[in-house]
Amino acid sequence: MIWFATGPKLVLVLRLLLAAVFIMYGTIKLLGGQYYYGDWTIDKATTDGTSLVWAFYGYSPFYGRATGLFELIPAVMLLFRRTTTLGALGLFAVALNITLMDFAFDYPEVKYFALAYTLIAAALVLSDRRKLTFLLADTERRRDPVSGRRASRGPGPSSGDRGR
C-alpha cells in the first residue's frame, strides 16, 4: 500500500492523535463524565435513544469507569514504542465497539469520528504487521522483523541433536 511508504512520521502522528483522543475520553469517563449517573426517569415517549443509551451505561458507575480504563490504558501504551502494537490492538477493539454502538443507535455525526478512530487504530495495527507476523508465526519458520533472517531458536539442542 502506498501510504505505508510515507514512513514512520505518519505513523507517529496517527499514534499521537489516537492517544490524545482516547486519553481525553478515558479521563472524562474516569472522572464520572459522559454517562448519566444518579436518579433519572425514563419515559419512552419523551426520551430519545441517545439519552437512553447514556442512562443505561451510567446505571453502573463501575462500568462507566471501567470503560474509561479500557480507553485510557491502551491510549497511554501508544505513547511508548515498545507497547505501541499492544495499545493499537486494544484501541482497535474499543474503537470498533464504539463504532458499532454509534451506528446501531444512530448517533449523529460522532459515529463518523468513531469510524475514523477505528480505521486509524487498524492502520496502526497494520503498520506493525511484521511484529504480529513474527509473534504469531510458527516457531520453526519465524523471521526477524528487522533483518528478515530466520530467527534463532535460542539455547538448547538443535533439531539434529534430538535423541542423542
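Above this text sits the structure in question.
Numbering of residues begins from 1 in every chain and follows the order in which that chain's sequence is written. Residue-level local features of this predicted model are given only where pLDDT is at least 70; pairs of side-chain atoms are given and counted only at 80 or more, and the full residue set underlies all totals for whole chains, interfaces and linings. Hydrogens and water are ignored here; the side-chain numbers use all heavy atoms of the structure.

S.K.: Before we go on, may I ask you to explain the overall build of the protein in this structure?
M.R.: Each helix corresponds to a stretch of at least 4 residues labelled H or I by DSSP, and each strand to a stretch of at least 2 residues labelled E; elements are numbered beginning at the N terminus. The secondary structure content of the protein amounts to six helices and zero strands. The order of helices and strands in the protein, counted from the N terminus, is α-α-α-α-α-α. A total of 164 residues make up the protein; the buried ones form 29% of that total. The contact rule is simple, with two residues in contact once any of their heavy atoms fall within 4.5 Å. Pairs at least 24 apart in sequence give 53% of the contacts found in the protein among residues at least 6 apart. Relative accessibility decides the category of a residue: with a 1.4 Å probe and only protein chains considered, values under 20% of the type maximum give buried, values over 50% give exposed, and everything between is partly exposed.

S.K.: Quick question: what am I supposed to make of the packing of aromatic side chains here?
M.R.: Any two aromatic rings considered together are summarised by their centre-to-centre distance and by the angle between their planes. Two rings from Phe, Tyr or Trp (for Trp, the six-membered ring) form a pair when their centres sit within 6.5 Å of each other. Planes less than 30 degrees apart are called stacked, planes more than 60 degrees apart edge-to-face, and all others tilted. Tallied over the entire structure, the rule returns two aromatic pairs. Seen in terms of ring centroids, phenylalanine 22 and tyrosine 117 are 6.0 Å apart; in terms of plane orientation they differ by 70°. Their pairing is edge-to-face. Remark: tyrosine 117 occurs in helix H5 (residues 110-127) and phenylalanine 22 occurs in helix H1 (residues 8-30); sequence separation between them is 95 residues. Both residues of the pair, phenylalanine 22 and tyrosine 117, belong to the buried class.

S.K.: So what exactly am I meant to see when it comes to helix H3 (residues 61-77) here?
M.R.: Residues spaced three or four apart along an α-helix face the same direction, because each turn holds 3.6 residues. What a helix is expected to span follows from its residue count: subtract one and scale by 1.5 Å. Here H3 spans 25 Å end to end across 17 residues, near enough to the 24 Å set by a 1.5 Å rise per residue. Within the sequence span of H3, burial applies to Gly64, Ala66, Thr67, Gly68, Glu71, Leu72, Pro74, Ala75 and Met77. Elements that come into contact with the buried residues of H3 comprise H1, helix H2 (49-58) and helix H4 (84-104).

S.K.: Looking at this structure, I do not really get the nonpolar core. What am I missing?
M.R.: In summary, soluble globular proteins display a tendency toward joint burial of nonpolar side chains. Definition of nonpolar core: a set of buried residues of the types Ala, Val, Leu, Ile, Met, Phe, Trp, Tyr and Cys, connected through side-chain atoms within 4.5 Å. Counting 18 residues, the largest nonpolar core has Leu18, Phe22, Leu78, Leu91 and Leu124 as the members making the most contacts within it. Listed by contribution, the elements that provide at least two residues to this core are H1, H4 and H5. In this structure leucine 78 touches Arg15, Leu18, Ala19, Thr84, Gly87, Ala88, Leu91 and Leu124, once residues within four positions along its chain are discounted.

S.K.: What exactly am I supposed to notice about the environment of glycine 49 here?
M.R.: Among the secondary structure elements, glycine 49 is positioned in helix H2. On the basis of relative accessibility, which here comes to 41%, the residue glycine 49 falls in the partly exposed class. A C-alpha to C-alpha distance of 8.6 Å links glycine 49 and tyrosine 107, two positions 58 residues apart in sequence.

S.K.: I would appreciate a short explanation of the packing of H1 against H3 in the present structure.
M.R.: Any two packed helices are characterised by the angle at which their axes cross and by the distance between the axes. Simply put, an axis is a line fit to the C-alpha atoms, just over the touching stretch for a helix, and the angle between two N-to-C directions goes from 0 to 180 degrees. H3 packs onto H1 with a crossing angle of 155° between their chain directions and a minimal axis gap of 7 Å. Here H1 lies roughly antiparallel to H3, going by the angle between them. For the pair H1 and H3, the sense of crossing is left-handed. Residues Ala19, Phe22, Ile23, Tyr25, Gly26, Thr27, Lys29 and Leu30 of H1 lie in contact with H3, whose contacting residues are Gly64, Arg65, Thr67, Gly68, Leu69, Glu71, Leu72, Ala75 and Val76. A per-class count over the contact of H1 with H3 returns nine nonpolar, five polar and three charged. Our angle categories are set so that under 35 degrees counts as roughly parallel, over 145 as roughly antiparallel, 65 to 115 as roughly perpendicular, and the remainder as oblique. By convention, the crossing between two helices is left-handed when the near helix turns anticlockwise from the far helix through less than a right angle, and right-handed when the turn is clockwise. Each residue receives one of three labels: charged for Asp, Glu, Lys and Arg, nonpolar for Ala, Val, Leu, Ile, Met, Phe, Trp, Tyr, Cys and Pro, and polar for the others, Gly being one of them.

S.K.: Would you mind going over the side chain of glutamate 71 with me for this structure?
M.R.: Turning to its location among the elements, glutamate 71 is positioned in helix H3. Relative accessible area serves as the criterion here: at 3%, glutamate 71 is assigned to the buried category.

S.K.: Can you walk me through the pattern of salt bridges in this structure?
M.R.: What counts as a salt bridge is simple: a side-chain nitrogen of Lys or Arg found within 4 Å of a carboxyl oxygen of Asp or Glu. For the coordinates displayed, the defined rule picks out three salt bridges. Close ionic contact of arginine 81 with aspartate 128 constitutes a salt bridge, the shortest N to O distance being 3.2 Å. Within this pair, whereas arginine 81 is found in the loop between H3 and H4, its partner aspartate 128 is found in the loop between H5 and helix H6 (129-136), the two being separated by 47 residues in sequence. By relative accessible area, arginine 81 is classed as partly exposed at 44%.

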